[in-house]
Amino acid sequence: MGKHFIVAAARGNTKKILTMLESGADINMMDDRGRTAVLAATFYNQVDMVKLLIQKGADINIRDYHLSNVLLYAGAEGLLDIVKLAIGAGADTALTNRFGGTALIPASERGHVEVVKELLENSDVDVNHINHLHWTALLEAIILGDGGQKYQHIVQLLVDHGADIHIGDREGVQPLKHAQRYGYREIEHILNQARR
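Below: a short report on this structure.

### Overview of the side chain of S108
Link 1 in the chain: Mapped onto the elements, S108 comes out in helix α7 (residues 104-109).
Link 2 in the chain: In contact with S108, other than residues within four places in its own chain, are V116, A137, A141, Y151, I154 and L158.

Here it is in structure tokens:
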């Protein structure tokens, strides 16, 4: 039953999910990768299914064997609607992925402006969380971004929401130095403004 339940969720098969739940299926059962139905639905961006499973009591904080869960995956992939559902359902923003990062860090690194905005404005995510690489969301946006408009917007959002511009990488190199090194003038300007 377990595998069929999770596959039905991934496919967005509402009728089958409801029937199986009525028959006593465990909403938080896992497959051989540690994925729950709500996480499988997230992987396939099945927004309505995620919403239904949350309403039926699915635990969105359960992480699979790769340490991914609903908020972490949706944040990294830029799935804004699911990020909103997860935040609305009280997702634990302190849980981290296999790189030791919160949902904010990969969202910042990958240029998901609206997800970054949502996390900063509507959740209690720690803007200064440091991952296993000793990088914050601000450092990731600069080091792994391309300095373009999306990343400028993200850097501005992070700074506006209290990102500490003095937290450096493992070698102590601060965000401003990285921005200068890459020639990201606009980001350099945002960081210089924040120093004042």
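### Structural notes on the environment of N13
Link 1 in the chain: Note on placement: N13 falls in the loop between α1 (2-10) and α2 (14-22).
Link 2 in the chain: Considered as a pair, N13 and Q46 are 33 residues apart in the sequence and their alpha carbons are 9.6 Å apart.
Link 3 in the chain: If we ignore the near neighbours within four places in the chain, the residues touching N13 are A8 and M49.
Link 4 in the chain: Of the polar contacts made by the side chain of N13, one reaches the backbone nitrogen of K16; its length is 3.1 Å.

### A few points about the side chain of D31
Link 1 in the chain: Here D31 lies in the loop between α2 and α3 (37-43).
Link 2 in the chain: A polar contact is formed between the side chain of D31 and the backbone nitrogen of R35, at a distance of 2.9 Å.
Link 3 in the chain: Other than its neighbours up to four places away in sequence, D31 contacts I6 and Y65.

### Considering the layout of surface pockets
Link 1 in the chain: In this structure, the largest pocket spans a volume of roughly 360 Å³.
Link 2 in the chain: Elements with a minimum of two residues in the lining of the largest pocket: α5 (70-77) and α7.
Link 3 in the chain: In terms of residue count, α5 provides more of the lining of the largest pocket than any other element does, four residues in total.
Link 4 in the chain: In the lining of the largest pocket, the residues fall into nine nonpolar, five polar and seven charged.

### Digging into the nonpolar core
Link 1 in the chain: Ranked by internal contacts, the top residues of the largest apolar core, which has 61 residues, are F5, L53, L158 and L191.
Link 2 in the chain: For this core, the element with the highest residue contribution is helix α10 (residues 149-160), accounting for six residues.
Link 3 in the chain: In this view, L191 contacts L138, I142, V155, V159, I165, P175, L176 and A179; residues no more than four positions away in its chain are not counted.

Reading the values: the criteria
- Residues numbered from 1 in each chain as written.
- Predicted model: local features only at pLDDT ≥ 70, side-chain atom pairs only at ≥ 80, totals over all residues.
- Heavy atoms only, no water.
- Helix = DSSP H or I, 4+ residues; strand = E, 2+ residues; numbered from the N terminus.
- Contact = heavy atoms within 4.5 Å.
- Polar contact = N/O pair within 3.5 Å; in protein donor to acceptor, adjacent residues only side chain to side chain.
- 1 Å grid on protein atoms, 1.4 Å probe; cavity = no way out; pocket = protein on both sides within 12 Å on 5 of 7 lines; lining within 4 Å.
- Points joined across faces, edges and corners; volume = space filled by probe spheres on them.
- Nonpolar A, V, L, I, M, F, W, Y, C, P; charged D, E, K, R; others polar.
- Core = buried A, V, L, I, M, F, W, Y, C linked by side-chain atoms within 4.5 Å.
- Buried < 20%, exposed > 50% of the residue type's maximum accessible area, 1.4 Å probe, protein only.

All we've got here are geometric facts, nothing functional implied.
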